[in-house]
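# Summary of structural features
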Amino acid sequence: MMTRTVHPALVAFTALVFLFLLAPLVIIIGAAFSDTSYLTFPPQGLTLRWFSNIFQIEAFRTTAITSLELASLGTALSLLIGIPAAYAISRYRVELPRWLSTLFVLPILVPEIVFGFSLMKSITIGLGLPIFPSLLIGHALLVLPYSVRVVSASLASFDFSIEEAAISLGCPPLKTFLTVVLPNIRAGVIAAFILAFITSINDVSVSVFLTGPGISTLPIQILAHMEQFFDPTIASVSVLLMLVTVAVMAIVEATLGLTFLTK
């Protein structure tokens, strides 16, 4: 049995790639525990007071709640639109025009700054909607491509003859979709929810155009805090956001398994 040796240059290149990816995270984590009153790395002493400082600042508490509400509602709204759209595109791809599938990808093809400015002009100023509904619509449109694309990829491997067989046996179309199609693409729906939720909760470019007096999101509040202070509180907030992402992936792994999402 022959053993293959790995070239040292390939090992060194792989190590550099991992270092490039992990170095910013290590710096942020180190700065979050620094005992200094300013951002520095390596940390000079260790303390948890910057994490407790997050919960003492009311702006961080309120904007964190707003960001969670926007991410949850915006993702749910995008899935309510994206799942039927992905189903129609996959089920009737011969009858429907080809440009229709491209239409749902426009929010990620257009630069986010241009997209956010357009939303401000059309929704906030043009329609005169309040700030929170404008943010909700903006976030839903921003993450809609993830819902459509990921669910479409899951539907690409679905055998629609199963659906036709259920309908031919007397099952109503809506019930067939809910009991036959949807359970078979649940991995794609969960993956779309995770991608859309993380994108929404970390968005800056769109939110900065749609926020206003009294309502803001956590990323915008982080930017506002950095304009006035340069303490490790910002690094602590970033660490908590990373922990939220890790927690979501851990829950998926514990309940479904990450390999489930790759099916």
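Residues numbered from 1 in each chain as written. Predicted model: local features only at pLDDT ≥ 70, side-chain atom pairs only at ≥ 80, totals over all residues. Heavy atoms only, no water.

What follows deals with the environment of Ala156. Tracing the chain through its elements places Ala156 in the loop between helix 7 (131-155) and helix 8 (160-168). Using a relative accessible area of 66% as the deciding quantity, one classes Ala156 as exposed. Once the C-alpha coordinates of Ala156 and Val246 are considered, the two residues, 90 residues apart in sequence, prove to be 29 Å apart. (Helix = DSSP H or I, 4+ residues; strand = E, 2+ residues; numbered from the N terminus. Buried < 20%, exposed > 50% of the residue type's maximum accessible area, 1.4 Å probe, protein only.)

Take helix 6 (residues 112-126) next. The principal kink in helix 6, of about 30°, is found at Met120. Along helix 6, the positions that sit buried rather than exposed are Phe115, Gly116, Leu119, Met120 and Ile123. Against the buried residues of helix 6 lie helix 5 (106-109), helix 7 and helix 11 (207-210). Within two residues after helix 6, Gly128 carries a phi angle of roughly 70°, on the positive side. (Bend = angle between axes of the 7 residues up to and from the residue. Contact = heavy atoms within 4.5 Å.)

Turning next to the nonpolar core. Judged by nonpolar contacts, the single largest core of 18 residues is most densely connected at Ile83, Tyr87, Val151, Leu155, Phe158, Val181 and Ile185. If you list the elements that add at least two residues to this core, you get helix 3 (58-91), helix 7, helix 8, helix 9 (173-184) and helix 10 (186-201). If you tally residues by element for this core, the top one is helix 3, at four residues. Ignoring anything within four residues of it in the chain, the contact list for Val181 reads Tyr87, Leu155, Phe158, Glu163 and Thr176. (Core = buried A, V, L, I, M, F, W, Y, C linked by side-chain atoms within 4.5 Å.)

Here the structure, examined in full by the defined rule, presents five aromatic pairs. For the ring pair Phe117 and Phe209, a centre distance of 6.1 Å and an interplane angle of 75° mean the geometry is edge-to-face. Linking Phe117 in helix 6 with Phe209 in helix 11, this pair joins segments that are 92 residues apart in sequence. Assessed through its relative accessible area of 42%, Phe117 is described here as partly exposed. By relative accessible area, Phe209 is classed as partly exposed at 23%. (Phe/Tyr/Trp six-rings, centres within 6.5 Å; stacked < 30°, edge-to-face > 60°.)

Our next topic: the side chain of Ser67. Here Ser67 lies in helix 3. At 2.7 Å, the side chain of Ser67 forms a polar contact with the backbone nitrogen of Leu218. Those residues within four positions of Ser67 in sequence are excluded, and the remaining contacts are Ile201, Thr217, Leu218 and Pro219. (Polar contact = N/O pair within 3.5 Å; in protein donor to acceptor, adjacent residues only side chain to side chain.)

What follows concerns the packing of helix 7 against helix 10. At a minimum axis separation of 8 Å, helix 7 and helix 10 run at an interaxial angle of 155°. Judged by the inter-axis angle, helix 7 sits roughly antiparallel to helix 10. The handedness of the crossing between helix 7 and helix 10 comes out as right-handed. Contacts between helix 7 and helix 10 pair His139, Leu142, Val143, Tyr146, Ser147, Val150, Val151 and Ser154 from the former with Gly188, Val189, Ala191, Ala192, Leu195, Ala196, Thr199 and Ser200 from the latter. (Axes fitted to C-alpha atoms, helices over the stretch in contact; angles between N-to-C directions. Parallel < 35°, antiparallel > 145°, perpendicular 65-115°, else oblique. Left-handed = near helix turned anticlockwise from the far one by under 90°.)

Below, the discussion takes up the pattern of salt bridges. Summed over all chains, the structure comprises three salt bridges. With its nearest N and O atoms 3.5 Å apart, the salt bridge here joins Arg49 to Asp35. A residue pair is termed long-range when its members are at least 10 positions apart, and Arg49 in helix 2 (residues 49-56) and Asp35 in the loop between helix 1 (8-32) and helix 2 qualify at 14 residues. A relative accessible area of 38% means that Arg49 is categorised as partly exposed. The class for Asp35 is partly exposed, based on a relative accessible area of 38%. Between Arg91 and Glu164 there is a salt bridge, with the nearest N and O atoms lying 3.1 Å from each other. In this pair, Arg91 sits in helix 3 while Glu164 sits in helix 8, placing the two residues 73 residues apart along the sequence. Looking at Arg91, the relative accessible area reads 23%, which means it is partly exposed. (Salt bridge = Lys/Arg side-chain N within 4 Å of Asp/Glu carboxyl O.)

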